[in-house]
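# Residue-level structure breakdown
Here is what each chain is made of, one letter per residue.
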Amino acid sequence: MSASDIRQRYTDYFVKNGHTLMPSADIVPRNDATLLFSSAGMVPFKQFFLNPATAPHKMVTTVQKCVRAGGKHNDLDQVGFTPRHHTFFEMLGNFSFGAYSKREIIHMAWKFVRQELKMPEDRLRVTVLETDDEAYDIWKNEVGVDPRRIVRCGAEDNFWSMGNEGPCGPSSEIFWDTRDPRYMESDDERWLEFWNLVFMQFHRGADGKLRPLDTPCVDTGMGLERVASILQGKVNNFDTDEFQVIIRDIDARCSPGQSSGSVDLAKALACKRIIADHLRASAFLISEGVFPSNIGRGYVLRRIIRRAVRAGRLLGINDSVLSALYPSLELAMGAAYPELMERRQLIVSVLESEEKMFLRTLDKGLVLLEGIFASGNSQRLVSGADAFSLYDTHGFPLDLTEIIARDSGWTVDVEAFAKIQRQSRERNKASWKGKLTKQDSVAREIEATCLEWEEAGVSSQFSGYDVDPEAKPTAAACRVIAFKSLSNGDGLLVIDPCPFYATGGGQEADTGVITIGNSEGSHEFAVSDAVAMPSGQATVLRLTATSDKQHLFRGGQMIYATVDEARRLGSAVHHTATHLLNAALRKTVGVSVMQAGSLVQAEGLRFDFTSGALSSEQLREIEGLVNKAALDNIDITTARMPLDQAKAQGAVALFSEKYDAASVRVVNVAGLSMELCGGTHLRSTRAVFPFHITSEGSIGAGTRRIEAKAGVAASVWLQQQLEYGRATAQTLGAAQLGVMDKKAQQLVDRNRALREEADRWLRAAAVNAEAVATHSTALGERGVPAAFHILAPLPFNARLVAERACHLRDTEPSLVHVVIQGRAIALSVNAEQLPGEHAAVLLSSVLGKLPGKGGGQASLAQGQLETAVAELAQVAHL
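As the structure is a computational prediction, the values presented were derived from the model and not from experiment.

Take the sheet that holds strand β25 (residues 771-779) next. Strand order in this open sheet of five strands is β25-β26-β27-β29-β28, and the pairing throughout is mixed. Each end of this open sheet is capped by a strand with a single partner; those strands are β25 and β28 (852-856). Looking at each pair of strands side by side, their axes are set apart by 25 degrees on average, direction ignored. Direction of pairing for β28 relative to strand β29 (residues 860-869): antiparallel, over a ladder of five bridges.

What follows is the structure, given as structure tokens:
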């Protein structure tokens, strides 16, 4: 039975038994800041276990995409070396929120295993909590399982809880007898757990006591990869059908005679499994908007990709491996997950960019490690400082350094690394410590108030959609719903209806004025920000300096709200411009372009998208398309409709966003653009003119960013550019802007000629540079003869040091030459005379005794010492 068959049979079975099939939730939990990734099938339903009455359906079944890499659920280090650890896996699950309890799920589970999956009873056994007589009785007397196949276990194995407090309960697990001859004497290895049934029937209080829940729930989880291995007769998950599609492709890419690269067959097999697993994890993470970075989820993704690249290198694959293998992932899983095909260009582009970037640094990092390994360290220990330098300077994750060191029989001083990393972070924090303390405190107050009001049912209606942003603003009459003072003297206010747009969808918040009139006179308060409650049921306004006017904001009090006209119009212009820009990009580059984020402000816009670099011709074409659309004065309309209807009509959605399936807002620029959007827009496109792209560039692997200005903001910017041009022309002595480029070119040519002349003088100086002291020694494991040359400390010139090293390499090729001037150091090797010696490796060994940093190529390496060298005594010990 294929993995695809198992998915379908599982969900069909539970739908037939009254469950609602829901799609997999995102791997990145949208409403759970405690987790990096969804690591189990129940994660998307945590809130419903806490409050079953709010569940959208009483019985649910899913196939959940899960990732365990990073955070408290991390299987990254075990992948490839065990039969069943994965960074990405699928969890088949069915859930009850008060519809049924343990009796019903035990019967359903056994029927599915025996009748649907055809597993023979003599290969199965179940476990129950040792004190759960009810579950034992159901298995024995109602289901009819042989008591010898029912095992009572302790709470460490068969009791599950969401945390120190909250819903919890006993569990029952179903096991498969692998009959693996290697483990017949070991129950732990012989029996494979593949389905866990959790009966959430208690609530653990802060005092640790268990109390029965008013509404018992059920949570089950079955690992798809494990079940596939059972039904396909495999002892290793990586031997199942979907993994094998990818692994066969890996085999095909290893050239004959290099199928194991530089490693033995067991290590080669582990490398193939690492690559297959990491391809799945990285592709699904990228498909959900996670991109490689140096923090959080992005760093986990970067580690996954880089581990796969290194595994490919060990197999003899020296180019990008994951992006090349992507078609095999589509073949294996594309039918189950259409997003793999819909987002193909994005995923492949990000993978390829990240792989190529790491390949450029991999060799350099390996050379540095080889230099450390060749240093003669008797403890065979990579210092914390070296490991941190590899991480901080060359992008080597610590775990990758550990793996490479372990393969060479070395270890890494992890504690010292952690200490140095901690000190680095503390130094960084010290640079801004105290600046945000007060702001952070107020931010926490605002967050707490929003949650408090949300729970109390405070709500308001946004009325800003009804106002034409190009019309002259008028004060809107509103009622005070709630008010609270902040510790810094500001206040929080909810009014209904509310004309202020809250920050969201990439658009900045409206600002403006609240006016209250009473017997004391008229009072005005500036609105400095507007934020939405987590549920979106109300907009919370932040007012400045209200501490002595709290009594004015009584519940039900009538007030008047005026939105800042220029800010609202500027935001609307630039939000409409982002839609026109998106349409122009898709027309110019292709429909595979996907929006990856945006920022809409009154002064300009920022638009992130998935693509390769754009040419200047493409940028001009995109500008032209947006400006034409603006001048055509196309009508803009909005409508609400179900999500499926909007998609059927061709509406474009931001792929990393989640939408309400029942009702979405569609913004339609007639015949040009249709997008799901909650922002404020123009009624027609004319005010977007003029539109100008101010910059375009990369912000990460496979992701580009355009910054642009439109309308009045663009006119102001263009006028500024004209003034800059006139001032520059005057400086260059150009009578007109049109000849400024010729004047500039003349200066460039003159500067190049002067630099070439300076280089000639530098080379001449390098030939004649006399050392104030020299020292002969031997370097490296093979004791290659070397000469240290200390130059006079002034004038200091790192290029002079490098040129001198090159000159000595060519004139005295039988020696390794180390040239030092002050803190500058350069080491040269003549490859023909000294085959097998590498300048960067030798410099690394020198810098191990003469502290400093550096690197380079095979024939020349350069660096900088921590302390200047001026006399022979400082290098005599080398």
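On the surface, E130, E156, D157, D188 and E189 cluster together into a negatively charged patch. Taken together, the elements giving at least two residues each to the negative patch come down to α5 (155-158) and α6 (187-190). Along the polypeptide, E189 turns up in helix α6. By relative accessible area, E189 is classed as partly exposed at 42%.

Here we come to unusual backbone geometry. Glycine aside, the phi torsion of most residues is negative, and most peptide linkages are trans. For the bond running from D496 to P497, omega is -10 degrees, close enough to zero to count as cis. The residue P497 is located in the loop between β13 (491-496) and β14 (512-518) in this model. In this chain, F689 is followed by P690 through a cis amide linkage whose omega measures -5 degrees. Of note in the backbone geometry, K118 takes a positive phi value of approximately 60 degrees without being a glycine. Inspection of the secondary structure puts K118 in the loop between α3 (102-116) and β4 (124-129). The phi dihedral of R179 falls on the positive side, at around 55 degrees, and the residue is not glycine. Note that R179 resides in the loop between β7 (166-177) and α6.

All right, on to the nonpolar core then. Within the largest apolar cluster, 113 residues are counted, with the highest numbers of intra-cluster contacts made by M119, W139, I174, F194, W195 and L340. Broken down by element, this core gets its largest block of residues, 12 residues, from helix α13 (residues 344-373). When residues no more than four places from it in sequence are discounted, the contact partners of W195 are Y10, F14, N94, A109, F112, V113, S172, E173, I174, T220, G221 and M222. In terms of nonpolar packing, the next biggest core, distinct from the first, is built from 29 residues, V573, L682, F691 and I706 among them.

What follows concerns the packing of aromatic side chains. This structure, assessed with the given rule, holds 29 aromatic pairs. Ring centres of F49 and F97 lie 5.2 Å apart, and the angle between their planes is 50 degrees; this geometry places the pair in the tilted category. A residue pair is termed long-range when its members are at least 10 positions apart, and F49 in helix α2 (residues 46-50) and F97 in strand β3 (residues 88-97) qualify at 48 residues. A relative accessible area of 2% places F49 in the buried class. Judged by relative accessible area, F97 falls into the buried class, the value being 1%. Measuring from centroid to centroid gives 5.6 Å for F358 and F396, while their planes differ by 50 degrees, and the two rings are tilted. Of this pair, F358 sits in helix α13 while F396 sits in the loop between α14 (384-394) and α15 (398-407), placing them 38 residues apart in sequence. Among the aromatic residues, those joined into a cluster by ring pairs are Y10, Y13, F14, F112 and W195. R152 extends its terminal NZ or CZ atom over the ring of Y136, reaching a point 4.3 Å from the ring centre. Directly above the aromatic system of Y465 lies the positively charged group of R665, at a separation of 3.6 Å from the ring centroid.

Calculation criteria
Residues numbered from 1 in each chain as written. Predicted model: local features only at pLDDT ≥ 70, side-chain atom pairs only at ≥ 80, totals over all residues. Heavy atoms only, no water. Pairing = 2+ DSSP bridges. Helix = DSSP H or I, 4+ residues; strand = E, 2+ residues; numbered from the N terminus. Axes fitted to C-alpha atoms, helices over the stretch in contact; angles between N-to-C directions. Patch = residues over 30% accessible without salt bridge, like charges linked within 9 Å, V, L, I, M, F, W, Y side chains within 5 Å. Areas by Shrake-Rupley, 256 points an atom, 1.4 Å probe, with all protein chains shown as cover. Salt bridge = Lys/Arg side-chain N within 4 Å of Asp/Glu carboxyl O. Lys, Arg positive; Asp, Glu negative; His and termini not counted. Charge placed at Lys NZ, Arg CZ, Asp CG, Glu CD. Buried < 20%, exposed > 50% of the residue type's maximum accessible area, 1.4 Å probe, protein only. Core = buried A, V, L, I, M, F, W, Y, C linked by side-chain atoms within 4.5 Å. Contact = heavy atoms within 4.5 Å. Phe/Tyr/Trp six-rings, centres within 6.5 Å; stacked < 30°, edge-to-face > 60°. Lys NZ or Arg CZ within 6 Å of the ring centre and 35° of its normal.

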